[in-house]
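One-letter residues, chain by chain:
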Amino acid sequence: MKSRLDWNRNQSQAIDLLRFPLMVIVVFGHTLLTTVSVEKADFPLLSGQGVYNALSVMFTYVIPHMTVPVFFMMSGYLFFRNFNLWSWQIYREKLRKRFWTLLVPYILWNIIPVIVNLFRYSVLAVRNHSADGVIDYIRGLSLWSIFVENVRLPWPTNILGWNGCYLTGPLNGTLWFMQDLIVLSIISPVIYYLIKKTKVWLIVLFAVGYVVNITIPVHGLSFNGLLFFSVGGYFVLSGRNFCEFSRRHVGWLLPATLVFCGLGVYYGGIKETYGLFYTYLYTISCSFLAFAIASFLIEKYGLKPNRFLTRCTFFIFGMQMINILGVGLIVQICRDFLYSVIGMDSYLQLSIANFLTPALTAGVCMLTYYLLNRFMPGISAILSGNRSKDIR
């Protein structure tokens, strides 16, 4: 049995090791492939189209949805660390740090698309000798649409038959995660109090809301964020360790993850009612399983996190979904480029292009980050939440 200190070091390394691969998996979920649930497919599963469709559902609408919950768990754990006894002084210090690591990057990554689009409309204005496009675009902007709600994605009817479930996000839609983290950081005293008073029952309550897919009609609050941020807080406040817990329970975490993943794929992933239900069950088990796998690789093979990959993760998160000059999201531009190079004449070609898309997207973002960090380190540091260091 490892000593307590060893488990803490193992967990710290696991958190850093998971960041980059999880971010690449996030990109998979943003390729937005056209799919149909295996249940409703009118073609054989063991055909070329059937295999392509099943893989597309798995890697777009099931597997990627365990990534953000793991990031929430990490964030909750790191936020409540050093909070064995509540301290308003520590709370204020935590908020001060997150002003620079969350709020400032959140504002900038939502302003960048505005600047890019203003440049695009200005070029068109010069070409067309008319500034109407620029004026109309500016008139259509508001602080609300830029920073609070520009995206509203409907979820399928939940298993209780409730309609109207949705996910909202700012102009740079993928930053809904940061929006939630900002709100969760602010209300952390309430979460702390509830964890201390109710122990694991708070987690159970949030888990029910999450799996059933109940929408909280408040921007920046979701059962996704509440559950996994609170899980992180519960673990650190109760003296538990992600890696130790996950390794001890891997005997049921692994089969549960495989079963729920399979059911999620069969029912269409998050695009369908029961697909969403099983995908969320998969997410809970796989979130812990990810720590078990990382912990094992660190212990068994001495795998260590790469400092550059760890630091550029935040940058990739912010950049991947920016709309470039009205052409499309970076991830979609990379996908279309691969389609043009590899071809779209067979399901094998489509599969290869789709699997290479996250790697190419991450590569483009990493190159941009590297160049910024090399020639404009100040800008790089701000955009990555002050995570940039000299990587030369």
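Notes on the structure in this doc start here.

Thresholds applied
- Residues numbered from 1 in each chain as written.
- Predicted model: local features only at pLDDT ≥ 70, side-chain atom pairs only at ≥ 80, totals over all residues.
- Heavy atoms only, no water.
- Disulfide = S-S within 2.5 Å.
- Helix = DSSP H or I, 4+ residues; strand = E, 2+ residues; numbered from the N terminus.
- Expected span 1.5 Å × (residues − 1).
- Buried < 20%, exposed > 50% of the residue type's maximum accessible area, 1.4 Å probe, protein only.
- Patch = residues over 30% accessible without salt bridge, like charges linked within 9 Å, V, L, I, M, F, W, Y side chains within 5 Å.
- Areas by Shrake-Rupley, 256 points an atom, 1.4 Å probe, with all protein chains shown as cover.
- Salt bridge = Lys/Arg side-chain N within 4 Å of Asp/Glu carboxyl O.
- Arc of directions from axis to C-beta.
- Axes fitted to C-alpha atoms, helices over the stretch in contact; angles between N-to-C directions.
- Parallel < 35°, antiparallel > 145°, perpendicular 65-115°, else oblique.
- Left-handed = near helix turned anticlockwise from the far one by under 90°.
- Contact = heavy atoms within 4.5 Å.
- Nonpolar A, V, L, I, M, F, W, Y, C, P; charged D, E, K, R; others polar.

1. Considering the state of the cysteines
Then step 1. The tally for this structure, following the rule as stated, stands at zero disulfides.
Then step 2. Summary of cysteine pairing: Cys261 is not part of a disulfide, and the nearest cysteine sulfur, belonging to Cys286, is at 7.7 Å.
Then step 3. You can see Cys365 has no disulfide; the closest cysteine sulfur is in Cys334, sitting 7.3 Å from it.

2. As for helix H3 (residues 67-80)
Then step 1. The end-to-end C-alpha distance of H3, which contains 14 residues, comes to 20 Å, matching closely the 20 Å that a straight helix rising 1.5 Å per residue would cover.
Then step 2. Within H3, 13 of the 14 residues are buried, which leaves the element mostly enclosed by the surrounding structure.

3. Considerations on unusual backbone geometry
A negative phi angle is the norm for most residues apart from glycine, just as the trans form is the norm for most peptide bonds.
Then step 1. You will see that Asn82, though not glycine, has its phi angle at about 75°, which is positive.
Then step 2. On the secondary structure map, Asn82 appears in the loop between H3 and helix H4 (88-128).
Then step 3. Residue Asn82 is classed as exposed on the basis of its relative accessible area of 57%.
Then step 4. Positive phi outside glycine occurs at Asn213, with the angle close to 70°.

4. Examining a nonpolar patch on the surface
Then step 1. Together, Ile107, Leu108, Ile111, Ile115 and Ile382 line one region of the surface with nonpolar side chains, adding up to about 360 Å² of accessible area.
Then step 2. Sorting elements by how many residues they give to the nonpolar patch places H4 first, with four residues.
Then step 3. Following the sequence through the fold, Ile382 ends up in helix H17 (residues 377-383).
Then step 4. Given the relative accessible area of 38%, Ile382 is considered partly exposed.

5. Some words on helix H8 (residues 188-198)
Then step 1. Taken residue by residue, H8 has Ser188, Pro189, Ile191, Tyr192 and Ile195 as its buried positions. Angular distribution of buried residues about the axis of H8 spans 160°; they occupy a single face of the element. H8 presents Val190 and Lys197 as exposed residues on the side facing more than 90 degrees away from its buried surface.
Then step 2. Lys199 sits one or two positions beyond H8 and adopts a positive phi of about 55°.

6. Describing the packing of H3 against helix H13 (residues 273-301)
Then step 1. H13 packs onto H3 with a crossing angle of 60° between their chain directions and a minimal axis gap of 9 Å. In terms of their interaxial angle, H3 and H13 are classed as oblique. Crossing handedness for the pair H3 and H13: right-handed. Here Pro69, Val70, Met73 and Met74 of H3 come into contact with H13, specifically with Thr283, Ser287, Phe288 and Phe291.
Then step 2. Residue composition of the contact of H3 with H13, grouped by class: six nonpolar, two polar and no charged.

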